[in-house]
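The residues making up each chain are set out below.
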Amino acid sequence: KCINYAKCKEIISYEEAFTHGCIFDFTECPACSFRLIRSELKEHMETCQEITVECKYKTQGCKFKDQRKSIAEHQEQCKFITENCAHCGEEVLKKAKKDHERFCPEKELACNECG
């Protein structure tokens, strides 16, 4: 039980609760300093715009990290976006797509002898 239970019952604001201690155990988000109940921190971190996140194309090799509020701009033009080859349908990195399609084994070529 909270040692400040009598005070906590009368506290009406997060600010006061944070200052005096509380049965809810208040904490701060390490990224944006928002004060909240410790049990809500994990949920807050999943949407906090100030927290540093990795590019969603990390599994394709991207090492870029930025604040959640800024990462979308990078991801729209990330060099590690994948696209499907127009000839074979294989998923290839966008930055390598032109070279892949130029030499794709499924690309139809015109015969030099019969046109």
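Residues numbered from 1 in each chain as written. Predicted model: local features only at pLDDT ≥ 70, side-chain atom pairs only at ≥ 80, totals over all residues. Heavy atoms only, no water.

Within the protein chain, the secondary structure is distributed over 5 helices and 6 strands. Going residue by residue from the N terminus, the α and β elements of the protein chain occur as α-α-β-β-α-β-β-α-β-β-α. Classification of the 115 residues of the protein chain by burial places 26% in the buried group. The contacts in the protein chain between residues at least 6 apart in sequence include a share of 2% that link residues at least 24 apart. (Helix = DSSP H or I, 4+ residues; strand = E, 2+ residues; numbered from the N terminus. Buried < 20%, exposed > 50% of the residue type's maximum accessible area, 1.4 Å probe, protein only. Contact = heavy atoms within 4.5 Å.)

Quick look at helix 4 (residues 68-76) now. All of the buried residues in helix 4 are Ile-71, His-74 and Gln-75. Each buried residue of helix 4 sits inside an arc of 95° when the element is viewed along its axis, so together they form one side. Residues Glu-73 and Glu-76 are exposed on helix 4 and point more than 90 degrees away from its buried face. Those residues of helix 4 that are buried lie in contact with strand 3 (52-54) and strand 4 (65-67). (Arc of directions from axis to C-beta.)

Here the structure, examined in full by the defined rule, presents 6 salt bridges. Note that Lys-69 and Glu-50 form a salt bridge whose closest N and O atoms lie 3.1 Å from each other. Of this pair, Lys-69 sits in helix 4 while Glu-50 sits in the loop between helix 3 (41-45) and strand 3; the two residues are 19 residues apart in sequence, bridging distant segments of the chain. Owing to a relative accessible area of 28%, Glu-50 belongs among the partly exposed residues under this scheme. Here Arg-102 and Asp-99 are joined by a salt bridge, their closest N and O atoms 3.8 Å apart. One end of the pair, Arg-102, and the other, Asp-99, are both in helix 5 (residues 97-103), 3 residues apart, so they sit about a helical turn from each other. (Salt bridge = Lys/Arg side-chain N within 4 Å of Asp/Glu carboxyl O.)

What follows deals with unusual backbone geometry. You will see that Ser-33, though not glycine, has its phi angle at about 65°, which is positive. Turning to its location among the elements, Ser-33 is positioned in the loop between strand 1 (26-28) and strand 2 (35-37). Ser-33 sits in the partly exposed class, given a relative accessible area of 43%.

Our focus in this paragraph is the environment of Glu-108. Within the secondary structure layout, Glu-108 lies in the segment after helix 5. Between the C-alpha atom of Glu-108 and that of His-87, which follows or precedes it by 21 residues, the distance is 8.1 Å.

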